[in-house]
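# Structural features, examined
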Amino acid sequence: MDIREAQEFLQTHSCAVLATRRRDGQPQLSPVTVGIDEVGRAVVSSRAAAYKVRNIRREPQVSLCVFVDNFYGRWIQIDGSAEVLALPEAMEPLVEYYRRLEGEHPDWDDYRRAMEQDQRVLLRITIARAGPQHQG
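This report concerns the structure included in the present document. (Residues numbered from 1 in each chain as written. Predicted model: local features only at pLDDT ≥ 70, side-chain atom pairs only at ≥ 80, totals over all residues. Heavy atoms only, no water.)

Glancing now at the overall build of the protein chain. Secondary structure assignment for the protein chain yields 4 helices and 6 strands. Reading the protein chain from its N terminus to its C terminus gives the helix and strand order α-β-β-β-α-β-β-α-α-β. Relative to a compact globule of 136 residues, whose C-alpha radius of gyration would be 14 Å, the protein chain shows 15 Å and is just as compact. Oriented by its inertia axes, the alpha-carbon framework of the protein chain measures out at about 45 × 35 × 25 Å. Across the 136 residues in the protein chain, those meeting the buried criterion constitute 40%. Taking all contacts inside the protein chain whose residues are at least 6 apart in sequence as the whole, residues at least 24 apart take part in 67%. For the protein chain, the accessible surface area stands at approximately 7900 Å², while carbon and sulfur atoms represent 47% of it. Both charge centroids of the protein chain, one from 18 positive and one from 20 negative side chains, sit 7 Å from each other. (Helix = DSSP H or I, 4+ residues; strand = E, 2+ residues; numbered from the N terminus. Rg over C-alpha atoms; globule rule 2.2 N^0.38 Å. Buried < 20%, exposed > 50% of the residue type's maximum accessible area, 1.4 Å probe, protein only. Contact = heavy atoms within 4.5 Å. Areas by Shrake-Rupley, 256 points an atom, 1.4 Å probe, with all protein chains shown as cover. Lys, Arg positive; Asp, Glu negative; His and termini not counted. Charge placed at Lys NZ, Arg CZ, Asp CG, Glu CD.)

Okay, here's the thing in structure tokens:
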């Protein structure tokens, strides 16, 4: 699978498990909702204090397993480098993340307040590799 195919899969599938590395090298797995931004990066919203965010700030290499809503069926793995975009710079990208996944929010001011209150960040993952390369 090439990166373009993975980006296309992300346009219609948002259930995923994000793998980061703990300080001791062991994996930290987190269920997440993933989207794709306008330049083709996988994007995930998180709280700034979450372990996955701390792990990414220390070691940006991550993997995502993205699958269909009912779990069984097609899936992909994405490997890449993540960056943490914090508020206030993250606000408009967080709005775009919501729009791409859910459509229009009934009250954008309320959404923005919630993002600030929750101390939300946006994780942006530049895709370096995607698979599987073979079905089996």
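The structure having been displayed, the exposition proceeds.
Attention now moves to unusual backbone geometry. A cis amide bond links Leu87 with the next residue in sequence, Pro88, at an omega value of 5 degrees. The topology assignment puts Pro88 in the loop between strand 5 (75-86) and helix 3 (91-102). Here Gly131 and Pro132 are connected by a cis peptide whose omega angle stands at 10 degrees. Along the polypeptide, Pro132 turns up in the segment after strand 6 (120-131). Residues other than glycine seldom take positive phi values, yet Gln119 does so here, at roughly 55 degrees. Among the secondary structure elements, Gln119 is positioned in the loop between helix 4 (108-117) and strand 6. By relative accessible area, Gln119 is classed as exposed at 52%.

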